[in-house]
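Close look at the chain arrangement
Residue-level listing of the chains:
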Amino acid sequence: MKERKILKNKLYLYITEFFAGMSVMAVELGASRLLAPYFSSSQIVWTIIIGTIMIAMALGNIYGGRAADKDPNPDKLYGRIVIAAIWIGLIPVVGKYIIMGISALLIFTISTNFLMIAAFAACMVVFVFPLFLLGTVTPSLVKYTIDSLDDSGKVVGTLNASNTIGSIIGTFVPTFISIPAVGTSITFLIFSGILLALAIVYFVSEKVKSAKVQVATVLFILCCIFGHDNSFAFWENDLKVEDESVYNYLQVSENDSSIILSTNALFGVQSIYKKEKALTGMYYDYAMAAPYMAGIYEKDKPLRVLILGMGTGTYATQCRRYFGDMYIEGVEIDEKITDLAHKYFELPDDINVTTYDGRAYLEAITSGKADSTDADKYDVIMVDAYQDITIPFQMSSVEFFSLVKECLTDDGVMVVNMNMKTDVSGGINDYLSDTIASVFGEVYTVDVSGNTNRELFASDNPDMMEAFKTNLSMEESDELIAMMQTVDEDITCYLAGDLIMTDDKAPVEVLGMKAIDELIGGEVKYYKDIYKEKGIKGLIESF
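Everything numeric in this text was worked out from a predicted model, so none of it was measured.

**Let's talk about the pattern of salt bridges**
Evaluated as defined, the whole model comprises 12 salt bridges. One salt bridge in this structure joins Lys299 and Asp379, with 3.6 Å as the shortest N-O distance. Residue Lys299 is found in the loop between α11 (289-293) and β5 (304-308), and its partner Asp379 is found in strand β8 (residues 378-383); the two are separated by 80 residues along the sequence. Judged by relative accessible area, which is 26%, Lys299 ranks as partly exposed. Ionic pairing is found between Glu329 and Arg304, a salt bridge with its closest N-O pair at 3.9 Å.

**Comments concerning the pairing of strand β6 (residues 327-331)**
Of all five residues in β6, four are buried, a share of seventy percent or more. Pairing between β5 and β6: five bridges, direction parallel. Along β6, the bridge assignment pairs Val305 with Ile328. This β-α-β element, β5 to helix α12 (residues 314-323) to β6, shows right-handed connectivity. Each parallel crossover has a hand, and for β6 linked through helix α13 (residues 335-344) to strand β7 (residues 352-354) it is right-handed.

**A short note on the sheet that holds strand β4 (residues 271-274)**
Judged by pairing direction, the sheet is antiparallel, and its four strands sit side by side in the order β1-β2-β3-β4 without closing on themselves. Strand pairing shows two members of the sheet lacking a second neighbour, β1 (241-244) and β4, which therefore form its edges. In this sheet, adjacent strand axes meet at a mean angle of 10 degrees when their direction is disregarded. Sheet analysis places strand β2 (residues 249-254) next to strand β3 (residues 258-262), joined by four bridges and oriented antiparallel. From the neighbouring strand, Glu254 faces β3, where its bridge partner is Ile259.

**Section: unusual backbone geometry**
In this model, Lys277 sits at a positive phi of 55 degrees, which is unusual for a non-glycine residue. Along the polypeptide, Lys277 turns up in the loop between β4 and α10 (283-287). Take Lys277: its relative accessible area is 43%, and that puts it in the partly exposed class.

**Describing the packing of aromatic side chains**
Geometrically, a pair of aromatic rings is defined through the distance of the ring centres and the angle of the planes. In this structure the tally under the stated criterion is 14 aromatic pairs. With centroids separated by 6.0 Å and ring planes inclined at 25 degrees, the aromatic side chains of Tyr12 and Tyr78 adopt a geometry described as stacked. Residue Tyr12 is found in helix α1 (residues 10-39), and its partner Tyr78 is found in helix α3 (residues 74-107); the two are separated by 66 residues along the sequence. Neither residue differs from the other here; Tyr12 and Tyr78 are each classed as buried. Here Tyr78 and Tyr202 contribute two aromatic rings whose centre-to-centre distance is 4.3 Å and whose plane-to-plane angle is 10 degrees, an arrangement assigned as stacked. Taken as a pair, Tyr78 in helix α3 and Tyr202 in helix α8 (residues 184-205) lie far apart in primary sequence, 124 residues in all.

About the cut-offs
Residues numbered from 1 in each chain as written. Predicted model: local features only at pLDDT ≥ 70, side-chain atom pairs only at ≥ 80, totals over all residues. Heavy atoms only, no water. Salt bridge = Lys/Arg side-chain N within 4 Å of Asp/Glu carboxyl O. Helix = DSSP H or I, 4+ residues; strand = E, 2+ residues; numbered from the N terminus. Buried < 20%, exposed > 50% of the residue type's maximum accessible area, 1.4 Å probe, protein only. Pairing = 2+ DSSP bridges. Right-handed = clockwise from strand over helix to strand, strands pointing away. Axes fitted to C-alpha atoms, helices over the stretch in contact; angles between N-to-C directions. Phe/Tyr/Trp six-rings, centres within 6.5 Å; stacked < 30°, edge-to-face > 60°.

Written as structure tokens, this is what we have:
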């Protein structure tokens, strides 16, 4: 093998290690953002991503070491980097279609753990191969950099340090800079371009002609042309907004009657604004029973309402529209959602929204660290921070609901939107309800008609239902009266069990996954039956 002059300068090898480590972490974080709009960003999905990537890296380490011993030709290493670069560049071009294709195939062939299996399969197909190739970098570079055993420890240590520093930077740059600024797709292209440039410098400096590099350059240009689109819902062509924040995928759509916010490309409504300024027909309407339970028309001052998980303010807007003079404030961790609330959803300017985690906000109040005006207790606290399978465990425990209770007035009411209603005993809603019942003396639940939501009302006021009826009798809005009569007919006192979640043990991801499986199974049963009877042709004809 001809000696490569560029490898005599170990700095270039350290640079290679640095950018390889940076790209691995960037791809890992990009993977989470690519999968989240379809599978959520739960701990289970993160576990799958990390696990598959570690498998890829381990196999890459083994193969790279053996390949370097058998044929220590650096041309082959940088050739593998070229292939990895183009594969990563192709992810924003075809990755979304592959994920949807895998999901469509699996949804008709498996009946349990759909999200987990589909996310794992997507990771294996889309991300394992390029990271396997990048996993070959370290053992190969060790082979090229060690001149003698005298300095082997120093050289290997420096290589590992270069990889680690690159990984650290590759962790922060996508999360705080590139993804919020230019999106997931362009982030993949940026790191694809870095790897490709690294390989091109090697081949050009050594005057090595490589058809692989020439083809890769053309492919990368094509990827930049066709892969810069950040649309995850590629089947939609009339979205008002499709964007990403540090926390969420954001989609705003509009129809003749409504403007809708969703943080999932496939399903779910996080907020809705009705243009005719009427009730939404969704869980927000049921949750409006809480002010009646808190004695809205018997109080000598306006109710104080706190919304944890403000979204774009549907509940706040509804309460202000129908109840008039009411102090409302919200907590929303995603500042971009708050911006959308003011731009598209007509959130009143006098409703204060704090960009913060809901539990941390309550802890600030109870510890006296918030402003004095915020230290007053609330008559109603709405917990609306659960997004499909993504339930923050720190907002599902005894400790959290105890904080909520501490921030309520003596006859105050907490309303919780639980959005994965199932008929299976021992599910996520049973755990949440039992946990809440261990903190509050009175707990009532009502299923929202026509969807998978269930509203839970909790208080230490034993007369909360009497207060509901008394204050409803003072209501003048026929629309609200009809809605509350529906609530009154269907609401039931919850009989508590012993399925308690704590900060130490709150398996919300696993429980949520089971609930999603049941919901998906119910939704696709019709199409599964057609597939079993008539096959693919019959399925296509049914659409």
